[in-house]
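What follows is each chain in one-letter form.
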Amino acid sequence: FAPSLGKIGAAAICATFIPSALVYYHLLPTPIIESTKVFYKSTGILYLYISCIIVGSIFSMDRKTIMQGFLRIFIPMLCGEIVGAIVGTTVGTLLGLGTFNTLFFIVLPIMAGGVGEGAIPLSIGFSEIMHIEQGVAFARIIPMVMLGSLTAILTAGVLNHLGKRKPHLTGEGRLMPGMEEDISSSTSSNPLKGAIDVTGLASAAMMALLLYMVGILGQRLVGLPAPVGMLFAAVLVKLTQAVSPQMTSNANVVYKFFQTSVTYPILFMVGVAITPWQSLMAAFTIPNLIVIISTVLSLVTTGFFVGKKMGMHPIDVAVVSCCQSGQGGTGDVAILTAANRMVLMPFAQIATRIGGAINVTLALVVLSHFFTF
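The text that follows walks through the structure, step by step, so that each part is easy to find. What you are looking at is a predicted structure, and each value in this text was computed from that prediction instead of being measured.

Definitions and limits used
Residues numbered from 1 in each chain as written. Predicted model: local features only at pLDDT ≥ 70, side-chain atom pairs only at ≥ 80, totals over all residues. Heavy atoms only, no water. Axes fitted to C-alpha atoms, helices over the stretch in contact; angles between N-to-C directions. Helix = DSSP H or I, 4+ residues; strand = E, 2+ residues; numbered from the N terminus. Left-handed = near helix turned anticlockwise from the far one by under 90°. Contact = heavy atoms within 4.5 Å. Nonpolar A, V, L, I, M, F, W, Y, C, P; charged D, E, K, R; others polar. Salt bridge = Lys/Arg side-chain N within 4 Å of Asp/Glu carboxyl O. Buried < 20%, exposed > 50% of the residue type's maximum accessible area, 1.4 Å probe, protein only. 1 Å grid on protein atoms, 1.4 Å probe; cavity = no way out; pocket = protein on both sides within 12 Å on 5 of 7 lines; lining within 4 Å. Points joined across faces, edges and corners; volume = space filled by probe spheres on them.

Concerning the packing of helix H16 (residues 286-309) against helix H17 (residues 314-323)
Direction vectors running N to C along H16 and H17 enclose 145 degrees, while the axes themselves pass 8 Å from each other. Read as a crossing pair, H16 and H17 show a hand that is right-handed. Residues Leu299, Val300, Gly303, Phe304, Gly307 and Lys308 of H16 lie in contact with H17, whose contacting residues are Pro314, Ile315, Val317, Ala318, Ser321 and Cys322. Per-class residue counts for the contact of H16 with H17 are 8 nonpolar, 3 polar and 1 charged.

See below:
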């Protein structure tokens, strides 16, 4: 039974939600809780992690894969969000939750891109437009974000298991058939295999940080989320072949280190620092769960079939679709860990950050122009 749970993402779920429960029930020593919160919130370790994962995975991709994949992934994303919103809202209405409440306080928060980029901007917008306290709005939104992310993690684990059973449906981290260059193949031919060049690894890590700083600059200038700006900068560097093959190999080694050694400590810190157990439990009502599950599954199923219709690997497209209902960057980490496809992090960031920003913007525009309070 335990191995079966492991195949559907139980490890990522336990690494996040068990620490949250331990904090709530006072089973973790206070010094550990306080030091973990301070370290997580003051160091920006999550952004260092995402930077190294994104840069390593992009630098390892084939240039043609990048150009085709980044353009084509938007179609399954858009179709999934439309179907997910329609299905989730319809189910909530039929269950008596109300069309307005279901759409704006359950479905849209699920697809809003997490906490910092989704739930907080939504709650601020709701408080100004609907004339309610931001804390009240946030308290209603945040459990839906977390339960949506939990559902997405489980779904990603199931997709990974399905890929093992039906390998013709998956590229094991590649969206496009025929593109054989990926993280594993790149590292297998890694020129650092015999002796690791510490200076080269440090330069790769510094490259990731430099690109993230470019993303921060873009956020200050044009308002684009820093991880997305960093992602576009990394793609530009790759497409212009501005980095040497040695730097690519070094970036792959850094990627592997963070994937294998840092993922679960990150998830533990997320559980301790920013996952409120009481809010999660308060939203565990049958109608809420039915709406959340139907929304996520319809979104992912649409991504699966649209991706397949477009000639992409359907399971890998569906995993990216899972990230549309994830808890921001931390959700992407947990979802891709459960799916065993961390190489999809660049596409996951597009689904989470850009998709979430579009959803939040559209929701607030519709709310302010078509509803009166």
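Comments concerning the pattern of salt bridges
All told, the structure shown has 3 salt bridges when counted by the stated rule. Across the salt bridge formed by Glu172 and Lys164, the nearest N and O atoms sit 3.9 Å from each other. Across the salt bridge formed by Arg341 and Asp316, the nearest N and O atoms sit 2.9 Å from each other. With Arg341 in the loop between helix H18 (328-339) and helix H19 (345-370) and Asp316 in helix H17, this residue pair connects regions lying 25 residues apart in the sequence. Here Arg341 and Asp316 have matching classes, each one buried. Connected via shared salt-bridge partners are Lys164, Glu172, Asp316 and Arg341.

Points about empty space enclosed by the protein
Scanning the entire structure with this criterion turns up 2 cavities of 30 Å³ or more. Of the pockets and cavities examined, the second largest cavity occupies roughly 60 Å³. If you list the elements that add at least two residues to the lining of the second largest cavity, you get helix H2 (10-24), helix H9 (134-165), helix H14 (263-274) and H18. Among the elements that make up the lining of the second largest cavity, the one with the highest residue count is H18 (3 residues). Residues that form the lining of the second largest cavity fall into these classes: 5 nonpolar, 5 polar and no charged.

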